[in-house]
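# Architecture and fold: a report
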Number of protein chains: 2
Amino acid sequence: MKKVHVVYCHPEPKSFVGSMRDTVCHALSESGWQVTLSDLHASQFNPVASAADFGQRERSDHLVYSLEQRHGWQHKTIAKDIAAEVEKIVDAELLVLVFPLFWYSMPAQLKGWVDRVFLSGTFFGGRRIYDQGGMVGKRAMVVTSLGGQSHMFGPEAIHGELNGMLRHLLQGTLGYVGFDVCEPFYAHHVPYVDDQARGAMLDQLDREMRVVDRRPTLPMPSLEAFDEQFRPRVTKPSY
Amino acid sequence: MKKVHVVYCHPEPKSFVGSMRDTVCHALSESGWQVTLSDLHASQFNPVASAADFGQRERSDHLVYSLEQRHGWQHKTIAKDIAAEVEKIVDAELLVLVFPLFWYSMPAQLKGWVDRVFLSGTFFGGRRIYDQGGMVGKRAMVVTSLGGQSHMFGPEAIHGELNGMLRHLLQGTLGYVGFDVCEPFYAHHVPYVDDQARGAMLDQLDREMRVVDRRPTLPMPSLEAFDEQFRPRVTKPSY
């Protein structure tokens with residue numbers, strides 16, 4: 001059975017984003033996915049990366065977070081809340097992040113989930129990035145809400161491209177560790193629209209989640225195009 | 001006397017980013033700035049936006065965070081740690097954020113500082129964004145460290161433009177609320193270089209902070225170019 005891990009973060013349980021989470025889980029479940037869900041706000045997930053994440057340290061005098069991530073994972077001494085999330089992601093073919101857009105990024109609690117859970121070593125390391133990353137073969141998708149309208153985003157629009165605003169997440173985080181990154185689902189103008197419009201957005205989300213396997217993905221760099229120092233390879237003409 | 005508020009976030013007190021913080025504060029102080037400093041990790045700043053931020057609510061049945069931000073600020077019932085940061089920013093001509101780049105963005109604790117402190121109403125609202133934003137007339141600057149080398153960033157480079165990776169922060173956050181956003185200071189390849197190279201980066205940072213008043217700023221949208229719905233104005237030819 002195909003597995004999906006859904007990570008949700010919103011401070012208000014009755015929010016529209018909560019309804020998006022329910023729609024995502026229901027549509028995926030109905031189309032044959034086995035769903036696990038982490039509700040970061042409800043579980044009071046700790047977003048602050050710190051020395052307390054490591055029961056035993058490789059270097060006790062100076063915290064190098066990525067070094068201790070590798071050490072802690074290898075020796076099974078990493079914090080249990082981190083290990084539980086890593087296992088769910090590794091076990092799944094699909095990761096879905098459901099959140100309200102705060103400052104063109106994730107709410108801090110979800111950002112801290114990335115900071116703590118996307119372990120150096122397991123998720124990436126050295127040349128193990130992009131199409132050589134630890135999550136190669138899996139898909140990831142962002143499902144988010146925002147106040148802005150769609151005409152405010154685009155090459156000539158006031159805020160530029162919305163996928164560009166989210167490049168730190170879509171490319172710099174999800175693509176970087178090897179996920180095939182699906183086109184995000186954006187629910188625009190949410191605080192200003194009526195229940196009918198919100199219902200239509202949830203219907204649309206339901207339909208799109210049922211075919212997530214065929215959802216278009218975003219272009220990402222391929223390591224073949226870069227040398228050992230990550231410099232672009234120059235293809236010499238053959239004449 | 002010119003005032004600057006420096007916000008610093010790193011889990012290791014002896015880190016290179018801690019030295020960058022000291023360099024920033026020292027250089028600014030020596031060049032006539034009155035410096036306030038918030039150390040988010042040391043003060044255990046809470047990064048999670050929640051109902052607990054509001055002593056008294058406009059709507060107790062359903063949390064709309066931006067609505068409660070406006071209500072809480074107006075009625076002086078917002079959490080004290082938020083109010084203290086807002087006052088320091090409003091009081092200063094310059095805001096400097098000093099942090100290690102985590103996933104091409106801020107560590108979660110600093111992201112949560114933005115989520116909680118950049119209040120709807122005071123910082124932005126309606127058409128009060130970009131050059132009409134609440135922080136117009138002030139400058140902001142990002143000082144950050146990363147593992148990547150400079151040749152990994154640029155139009156043809158593996159990760160694309162580094163300022164583009166940070167567009168959610170530079171434009172979507174700092175520019176959005178009206179700051180003139182200085183070119184960031186990037187310390188590249190920090191975990192892999194020797195003490196001499198690190199010292200040279202700190203010397204460079206020291207020199208650059210002393211002339212922060214004249215530092216180039218990034219281009220941002222101007223509201224004059226957009227109509228009431230934020231659509232691009234079409235300038236009609238006059239013939």
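What you see is a predicted model, and the numbers here were worked out from it, not measured in a lab.

## Quick word on the packing of helix H1 (residues 16-30) of chain B against helix H7 (residues 195-210) of chain B
Residue and element names in this part refer to chain B. In contact at an axis separation of 8 Å, H1 and H7 are set at 30° when each is read in the N-to-C sense. For the element pair H1 / H7, the angle class is roughly parallel. Crossing hand, H1 versus H7: right-handed. Residues Phe16, Ser19, Met20, Thr23, Val24, His26, Ala27, Leu28 and Glu30 of H1 touch H7, and the partners they reach there are Arg198, Met201, Leu202, Leu205, Asp206, Met209 and Arg210. Class assignment of the residues belonging to the contact of H1 with H7 gives a composition of 9 nonpolar, 3 polar and 4 charged.

## Comments concerning the relation of the copies chain A and chain B
Mapping one chain copy onto the other needs a rotation about an axis and a shift along that axis. When chain A is fitted onto chain B, the two copies agree to an RMSD of 0.0 Å after a turn of 180° and an axial shift of 0.0 Å. This pairing of chains is accounted for by a two-fold axis. No C-alpha of chain A approaches the rotation axis more nearly than that of Ala108(A), which lies at 2.4 Å. The share of interface residues of chain A whose copies in chain B are also at the interface is 100%, consistent with both copies meeting through the same surface.

## Some details on the packing of aromatic side chains
Overall, the coordinates contain 22 aromatic pairs over all chains when judged by the stated rule. Arranged with centres 5.3 Å apart and planes meeting at 80°, the rings of Trp103(A) and Phe124(B) form a pair that is edge-to-face. You can see Trp103(A) sitting in the loop between strand E3 (94-100) and helix H4 (108-117) and its partner Phe124(B) sitting in the loop between helix H4 (108-117) and strand E4 (139-145), one on each of two chains. Considered together, Trp103(A) and Phe124(B) belong to a single accessibility category, that of buried residues. Ring centres 5.7 Å apart and planes at 70° place the aromatic pair Tyr130(A) and Tyr176(A) in the edge-to-face group. Taken together, the residues span a long stretch of sequence, with Tyr130(A) in the loop between H4 and strand E4 (139-145) and Tyr176(A) in the loop between helix H6 (167-175) and strand E5 (180-181) at a distance of 46 residues.

## So, the interface of chain A and chain B
Across the boundary between the two partners, chain A contributes 52 residues, which contact 52 residues of chain B. Counting the surface lost from both chain A and chain B, the interface buries some 4,300 Å², and carbon and sulfur atoms represent 65% of this. Of all residues in chain A, Trp103(A), Ile158(A) and Arg167(A) bury the most surface against chain B, accounting for 20% of the area lost on that side. Taken together, the connections running from chain A to chain B amount to 0 salt bridges. Summed over the shared surface of chain A and chain B, the result is 21 residue pairs in polar contact (both at pLDDT 80 or more). When residues of the side of chain A that touches chain B are traced back to their parent elements, those giving at least two are H4, helix H5 (162-165) and H6 of chain A. Here the side of chain A that touches chain B gets 6 residues from one element, more than from any other, and that element is H4(A).

## Points about the pairing of strand E2 (residues 33-39) of chain A
Relative to E2(A), strand E1 (residues 2-8) of chain A runs parallel, the two sharing 7 bridges. Across the sheet, residue Val6(A) finds its bridge partner in E2(A), namely Leu37(A).

## Some details on unusual backbone geometry
Residue and element names in this part refer to chain A. Not every positive phi belongs to a glycine, and Trp103 is a case in point at roughly 55°. Backbone geometry at Tyr130 places phi at a positive 50°, although glycine is not the residue there. Taking the relative accessible area as the measure of exposure, Tyr130 reaches 2% and is therefore buried.

## Details of the environment of Asp61(A)
Within the secondary structure layout, Asp61(A) lies in the loop between E2 and helix H2 (65-74). On the basis of relative accessible area, Asp61(A) is assigned to the partly exposed category, the value being 46%.

## Some points on the side chain of Glu85(A)
All names here are of chain A. By the secondary structure assignment, Glu85 is in helix H3 (residues 80-91). Given a relative accessible area of 6%, Glu85 falls into the buried group. Polar contacts involving the side chain of Glu85 include one to the side chain of His5, which spans 2.9 Å. In contact with Glu85, other than residues within four places in its own chain, are His5, Val7, Ser38, Phe45, Trp113 and Val117.

## Comments concerning the confidence of the model for chain A
In the predicted model, chain A carries a mean pLDDT of 96, and the fraction of residues at 70 or more is 98%. Scored by ipTM, the complex comes to 0.96, with pTM at 0.97.

## What to know about the pattern of salt bridges
Residue and element names in this part refer to chain A. Considering all chains together, one arrives at 30 salt bridges over all chains under this definition. The residue Lys2 makes a salt bridge to Asp213 at a minimum N-O spacing of 3.1 Å. Taken together, the residues span a long stretch of sequence, with Lys2 in strand E1 and Asp213 in the segment after helix H7 (195-209) at a distance of 211 residues. With a relative accessible area of 30%, Lys2 lands in the partly exposed category. We classify Asp213 as partly exposed; its relative accessible area is 41%.

Reading the values: the criteria
- Residues numbered from 1 in each chain as written.
- Chains lettered and ligands numbered in written order.
- Predicted model: local features only at pLDDT ≥ 70, side-chain atom pairs only at ≥ 80, totals over all residues.
- Heavy atoms only, no water.
- Axes fitted to C-alpha atoms, helices over the stretch in contact; angles between N-to-C directions.
- Helix = DSSP H or I, 4+ residues; strand = E, 2+ residues; numbered from the N terminus.
- Parallel < 35°, antiparallel > 145°, perpendicular 65-115°, else oblique.
- Left-handed = near helix turned anticlockwise from the far one by under 90°.
- Contact = heavy atoms within 4.5 Å.
- Nonpolar A, V, L, I, M, F, W, Y, C, P; charged D, E, K, R; others polar.
- Least-squares fit on C-alpha atoms with pLDDT ≥ 70 in both.
- Phe/Tyr/Trp six-rings, centres within 6.5 Å; stacked < 30°, edge-to-face > 60°.
- Buried < 20%, exposed > 50% of the residue type's maximum accessible area, 1.4 Å probe, protein only.
- Buried area = accessible area lost by both parts, 1.4 Å probe.
- Salt bridge = Lys/Arg side-chain N within 4 Å of Asp/Glu carboxyl O.
- Polar contact = N/O pair within 3.5 Å; in protein donor to acceptor, adjacent residues only side chain to side chain.
- Pairing = 2+ DSSP bridges.
- pLDDT = per-residue confidence, 0-100.

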